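The residues making up each chain are set out below.
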Amino acid sequence: MADFSSVRLHVVSGKGGTGKTTVAAALALALASGGRKVLLMEVEDRQGIAQLFDCPPLPYTEKKVAVALGGGDVYALAVDVEQALLDYLHMFYKLSPTGIPARTLRKIGAIDFATTIAPGLRDVLLTGKVKEVTVRQQGGRPYYDAVVLDAPPTGRVARFLNISHEIGGLAKVGPLKNQSDSVMAVFKGAQTAVHLVTLLEEMPVQETIDAVADLTEHGLPVGGVIVNAVRTPALVPADLRAAERGELDLSALSQGLAQAGLDPACAPSLAAEAAEHAARVALEERGRDALTELHRPTYELPLLPDAVDLGGLYELAQMLRDQGLA
Amino acid sequence: MRGAPLDLDQVIDTAQIIVCCGSGGVGKTTTAAALAVRAAERGRKTVVLTIDPARRLAQAMGLSELDNTPRPVKGIDGDLDAMMLDMKRTFDEIVLTHAEPVKAAQILQNPFYQALSSSFAGTQEYMAMEKLGQLKATGEWDLIVVDTPPSRSALDFLDAPERLTTFLDGRLVKVLLAPAKASGKAYLKVVSVGFNVFTSAITRIIGASVLQDLSQFVAALETMFGGFRERAQATYDLLKDRGTAFVVVATPERDALREAAYFVERLAEEGMPLAGLVVNRVHRSAAAGLTAQRSLAAAEGLDPQSLTAGVLRLHADRLLLSDRERRMAERFTSAHPGVPVVEVAAQPGDVHDLDGLRAVGAELAGG
C-alpha cells in the first residue's frame, strides 16, 4: 500500500534547481503504473514537461505523453493562463472565446490585466484549473486517478495554493467567495498532499523546513520529502573522516597508485578531490539530520550519472514505487 | 570552453549598476555578494541589494533583518553597504511619497492594496526595480549590485517596468475610470459594449462590493499613475544605460544553461548591456591526465574497500561529471560565441563568510 494512496492531488514543490519537474514527472509515471490514468500539470510557462518527455511544446489540451510500466497513461497539460481565463469565462458565463465580448475584453487590455498585471488573479485562474481537473468526474467516478502538479518553487508555493483564500478574504459573499471556498476545500482536504523536493545542501534544506512551517501555518497538507541527487559515499567511513580532516595517508595512496601501475605523483590531487567529497558527504549528513527533524515520510533518489532522459525517468519512477511514495 | 574570457574586474571597476540574473538555485545571490565585496575592496563605494539570501550568507554581511535600509558591512577593507528588500515597505513608501496624505491613507487601507503589496507573486519584481531606481537616485554609491528575484521566469523583472507602462496607458484603466471620456462614437460604442460585458462579468465573478473596492483602488491610485509611469520608464532606461552591466549566472546543467541562453537572447533584443555569463559550480580536476577509464580499470584490480580504489572511483566520477559539464557549456558557447564566459569552481559547502565571498570573487575575476 502506497503511503499516499488516498491522495488524488499531488503537489510537487521545491527550491529552484532541485529537480522538482523531474520528480513530478517520475511521480506521475509511478502513480500511473498498473493501468491508472494520471495528469501531470505545469503552470509556469516553462514547457519543462515537454522537454523531459522529449516532445514538442504542449498545447493547452490534455495530451498523452507516456505509458507507464505495466500499462497506465500519463497525460500532460501546460496551463496557459490566457486560455484558462477564456475557458473560465466560457464555462461560467457562456462567453465564446472568439465572440465580440471576448475580443473586446482583449482589446481594452482586460485579458492582459487579468493574466499579467494582476498576478493574484493569474494564480486564481491557475489554481482554479488545478481544482477542476482534480474533481472532474466521468460516469460517476474521477476522470483522473491522480493529478500531479509541478508547482511554483517552495518560496511561493503556500502563497500560490492559498491565493483563493486571499481572494476569498476580499469578497465576503458572492460567487467569488463560493469559488474560492471550493478551491480551498480541495487543497486543504485529505485528497491533497504537498510534496517537497530538496537536495542535501544548506539552502534547499532550509527552504524545505521553512516551506513545511509555511504550509502548516496555512493549513495546507504537507506530504513527503523527496531528497534528490543523493550521492553514495565512495570511501569507507574511516577514510571519509580522515579525508574530511585532510589527514589521508598520502604515502599509502602513492604506494597504492604505484602498485596499480599509475603515476604516484597524482596522489596529492586525488587526496584533495577525496577531501572535497568528504566535506560534501558531511554536509549531506547534516542536511539529512535536519530533515529527519521534520518527521515527514522521506524518499531518496540517487544522482543519475547523466542528465535525466526518458529512461532515467522510468528508473526514478520505479524507485519512488519501491520506497512507497506511489 | 571557447567563449572569450569575461573580465569581471573591468566590469566592477567601471559599471554603475550590475544586475545578476539567472534561474533559481544557480548562485545568483552569492555571485552578487562576491562581486560587491570585491568591488568595495578595489576601492569603489558599493551597495548590494539582495532579495532572499541564505541565512548564513545574510549573517556574514551583517544583515539580520529586512529593514529596507542599506547598512555598512563590517570587516570589509573598503566601503560596502548591504540591504535586503522588503517589498511591502517599498510599495508603501512609493504610495506615501506620491499620493496626498488623505489619498495615501485610503490606498494603504484598501483591501486590494494590502493583498497586492504583500502577498501576490510578481510584486517583488516591480519593487526590486523600484528600489534600484531609488538607490541610484541618491547618488550615494559608485556601484549598485542587484540580485534578481527568483521569478517563475527569470525575465519577469525585465518586463515589469514596460508592463506597468503598457497597463497604465492601456484602455482598461481609462475604461475603469471614466468610460465617458472616450472620444469618437464608434470607439465609445465598442468600449461601452466591452465595459458593460466587463463590469457585468466581473460583478458576477467577484461580486458588486468587491468591484466597488477595486474601482476605488484604481481611482485612488490614479493620481499616482503619472509618477508610476515615469519611474517605470526611468528604471527601464537605467537598465539600458551603458553604465549598467548584466551578469547572467548559470550552473553547467542543461536547464540552467537553457534559461541563460534565453536570457542572453532577450537582453540582446531589448538592447540591454550584457557583460557575460558566469558558469558557476564547475567541477575541475588537477589530475585530469589520469583518465576516467584508466582510473576505473585500475580500481577494479584492487580491494574495493581500499583507499586507493575509493579515491580512483571518485576521480573517475569527477572526470565524467566534468566532461558532461564541459559539453553543456560548449553547447551554449557555440550558440552564443560572442558572449564572454568565466567559470567558478564548485565549493564543497555553501559560502557563508566574507573570506568565502572573497575567494569566489577572486575566481569570478579569473582566478
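Worth saying up front: this structure is predicted, and the values here are computed from it rather than measured.

**Q** Can you help me understand the overall build of chain A in this one?
**A** Broken down by element type, chain A carries 14 helices and ten strands. Structurally, chain A occupies a C-alpha span of about 80 × 40 × 40 Å along its principal axes. Looking at chain A as a whole, 52% of its 326 residues qualify as buried. Pairs at least 24 residues apart make up 73% of the contacts formed inside chain A by residues separated by at least 6 positions.

**Q** Whenever I open this one, the overall build of chain B confuses me. Can you help?
**A** Secondary structure summary: chain B contains 15 helices and eight strands in total. Considering chain B as a whole, with its 367 residues, one finds that 47% of them fall into the buried category.

**Q** Would you mind going over the packing of helix α13 (residues 292-300) of chain B against helix α14 (residues 307-335) of chain B with me for this structure?
**A** Think of two packed helices as two axes; the pair is described by the angle between the axes and how far apart they sit. All names here are of chain B. Closest axis-to-axis distance for the α13/α14 pair is 8 Å, and the angle between their directions is 155 degrees. The orientation of α13 with respect to α14, classified from their angle, is roughly antiparallel. The two elements α13 and α14 meet at a crossing, and its hand is left-handed. Of the residues in α14, those touching α13 at A292, S295, L296, A298 and A299 are A309, L312, R313, H315, A316, L319 and L320.

**Q** Is there a simple way to think about the environment of R56 of chain B in this case?
**A** Residues and elements named next belong to chain B. Here R56 lies in helix α3 (residues 55-60). On the basis of neighbour counts, which here come to 15 C-beta atoms within 10 Å, the residue R56 falls in the partly exposed class. Sequence separation between R56 and V351 is 295 residues, and the spatial gap between their C-alpha atoms is 8.4 Å.

**Q** Hey, could you run me through the sheet that holds strand β9 (residues 222-230) of chain A in this one?
**A** Within a sheet, neighbouring strands are paired by backbone hydrogen bonds and run either parallel or antiparallel to one another. All names here are of chain A. The strand order across the open sheet formed by eight strands is β3-β4-β2-β7-β1-β8-β9-β10, and the pairing between neighbours is mixed. The strands lining the two open edges of the sheet, one partner per strand, are β3 (63-67) and β10 (298-302). With direction set aside, neighbouring strand axes in the sheet form an average angle of 25 degrees. Pairing analysis gives four bridges linking β3 to strand β4 (residues 73-78), with the strands arranged antiparallel. From the neighbouring strand, K64 faces β4, where its bridge partner is Y75. Helix α1 (residues 20-32) rests against β1 (9-14), β2 (37-42), β3, β4, β7 (146-150), β8 (192-198) and β9 of the sheet, and its axis sits at about 175 degrees to β7. Where helix α7 (residues 154-161) meets the sheet, it contacts β1 and β8, and its direction lies at approximately 145 degrees from that of β1.

**Q** So what exactly am I meant to see when it comes to the nonpolar core here?
**A** Nonpolar side chains tend toward joint burial in soluble globular proteins. Ranked by internal contacts, the top residues of the largest apolar core, which has 84 residues, are L27, A28, L29, L40, V74 and V148 of chain A. In terms of residue count, the dominant contributor to this core is α1 of chain A (ten residues). Residues contacting A28 of chain A, with those up to four places away along its chain left out, are V38, L40, V74 and V148 of chain A. A60, L267, L274 and A329 of chain B belong to the second-largest nonpolar core, a separate cluster that totals 79 residues.

**Q** How should the pairing of β4 of chain A be read in this particular structure?
**A** Within a regular strand, side chains alternate between the sheet's two faces. The buried fraction of β4 of chain A is high, at five of six residues. Between β3 of chain A and β4 of chain A, which follow one another and run antiparallel, lie five residues, and G70 of chain A among them has a positive phi close to 70 degrees.

**Q** Please clarify how the domain arrangement of chain A should be interpreted in this entry.
**A** The extent of an interface is frequently quoted as the accessible surface area lost upon association of the parts. Residue and element names in this part refer to chain A. Per the domain assignment, the segments making up chain A are domain 1 (9-231 + 303-322) and domain 2 (232-294). Between the C-alpha centres of domain 1 and domain 2 the distance comes to 41 Å. Tallying the contact residues gives nine residues for domain 1 and ten residues for domain 2. When residues in the side of domain 1 that touches domain 2 are grouped by element, the largest group, four residues, is from helix α10 (residues 202-217). Taken together, the residues that form the side of domain 1 that touches domain 2 break down as six nonpolar, one polar and two charged.

**Q** Help me understand the pairing of β1 of chain A, please; the structure alone is not making it clear to me.
**A** Residue and element names in this part refer to chain A. Across the six residues of β1, six count as buried, placing the element largely inside the fold. Both faces of β1 are covered, namely the face carrying L9, V11 and S13 and the face carrying H10, V12 and G14. As defined by bridge partners, β1 adjoins β7 across four bridges and the pair is classed as parallel. Counted as the bridge partner of H10 is V148 from β7. As paired elements, β1 and β8 share six bridges and run parallel to each other. Its bridge partner being in β8, G14 is matched across the sheet by V197.

**Q** Just to check I follow, could you spell out the sheet that holds strand β5 (residues 143-147) of chain B for this structure?
**A** Residues and elements named next belong to chain B. One open sheet holds the eight strands; their spatial order is β3-β4-β2-β5-β1-β6-β7-β8, and the pairing between them is mixed. Two strands bound the open sheet, and with one partner strand each, they are β3 (71-72) and β8 (341-345). In this structure, strand β1 (residues 17-21) lies alongside β5, joined through four bridges in parallel fashion. Bridge pairing in β5 places V19 opposite V146.

**Q** Help me understand the packing of helix α12 (residues 250-259) of chain A against α14 of chain B, please; the structure alone is not making it clear to me.
**A** Between α12 of chain A and α14 of chain B, the least distance of the axes is 9 Å, while the angle of their chain directions is 80 degrees. As far as their axial angle goes, α14 of chain B and α12 of chain A are roughly perpendicular. Contacts between α12 of chain A and α14 of chain B involve A252, L253, G256 and L257 of chain A from the first element and L307, T308 and V311 of chain B from the second. Looking at side-chain class alone, the contact of α12 of chain A with α14 of chain B contains five nonpolar, two polar and no charged residues.

**Q** Whenever I open this one, the confidence of the model for chain B confuses me. Can you help?
**A** Reading predicted coordinates in detail is not appropriate for stretches of low pLDDT. Residue and element names in this part refer to chain B. The predicted model of chain B averages 82 in pLDDT, with 76% of residues at 70 or higher. Highest mean pLDDT in chain B belongs to helix α1 (residues 8-14) (97); lowest belongs to helix α10 (residues 185-206) (54). Note that residues 178-191 has pLDDT below 50 and, in this model, eleven contacts with residues that lie over four places away or in other chains. In the predicted complex, the global pTM is 0.84; the interface-specific ipTM is 0.79.

**Q** So what exactly am I meant to see when it comes to helix α14 (residues 310-322) of chain A here?
**A** Turn by turn, an α-helix covers 3.6 residues, leaving residues three or four places apart pointing in a common direction. Residues and elements named next belong to chain A. In this model, α14 (13 residues) spans 19 Å end to end at C-alpha, consistent with the 18 Å of a helix rising 1.5 Å per residue. L313, L316, A317, L320 and R321 are the residues of α14 that are buried. Along the axis of α14, the buried residues cluster in a sector spanning 145 degrees; they form a single face. Across α14 from its buried face, at more than 90 degrees, point the exposed residues G311 and D322. Each element contacted by the buried residues of α14 is listed here: α1, α2 (48-52) and β10. Looking one or two residues beyond α14, the residue adopting positive phi is G324, at roughly 90 degrees.

**Q** Please explain the environment of G271 of chain B as it appears in this structure.
**A** Tracing the sequence through the fold places G271 of chain B in the loop between α12 (254-270) and β7 (274-282). Along the backbone, G271 of chain B and Q16 of chain B are 255 residues apart, and their C-alpha atoms lie at a distance of 17 Å.

**Q** Hey, could you run me through unusual backbone geometry in this one?
**A** Glycine aside, the phi torsion of most residues is negative, and most peptide linkages are trans. With a phi close to 55 degrees, A229 of chain A is a non-glycine residue in the positive phi region. One non-glycine residue with positive phi stands out, namely R281 of chain B, at about 60 degrees.

Calculation rules
Residues numbered from 1 in each chain as written. Chains lettered and ligands numbered in written order. Predicted model: local features only at pLDDT ≥ 70, side-chain atom pairs only at ≥ 80, totals over all residues. Helix = DSSP H or I, 4+ residues; strand = E, 2+ residues; numbered from the N terminus. Buried ≥ 20, exposed ≤ 12 C-beta atoms within 10 Å, placed from the backbone. Contact = placed C-beta atoms within 7 Å. Axes fitted to C-alpha atoms, helices over the stretch in contact; angles between N-to-C directions. Parallel < 35°, antiparallel > 145°, perpendicular 65-115°, else oblique. Left-handed = near helix turned anticlockwise from the far one by under 90°. Pairing = 2+ DSSP bridges. Core = buried A, V, L, I, M, F, W, Y, C linked by C-beta atoms within 7 Å. Domains from an automatic or database assignment. Nonpolar A, V, L, I, M, F, W, Y, C, P; charged D, E, K, R; others polar. pLDDT = per-residue confidence, 0-100. Expected span 1.5 Å × (residues − 1). Arc of directions from axis to C-beta.

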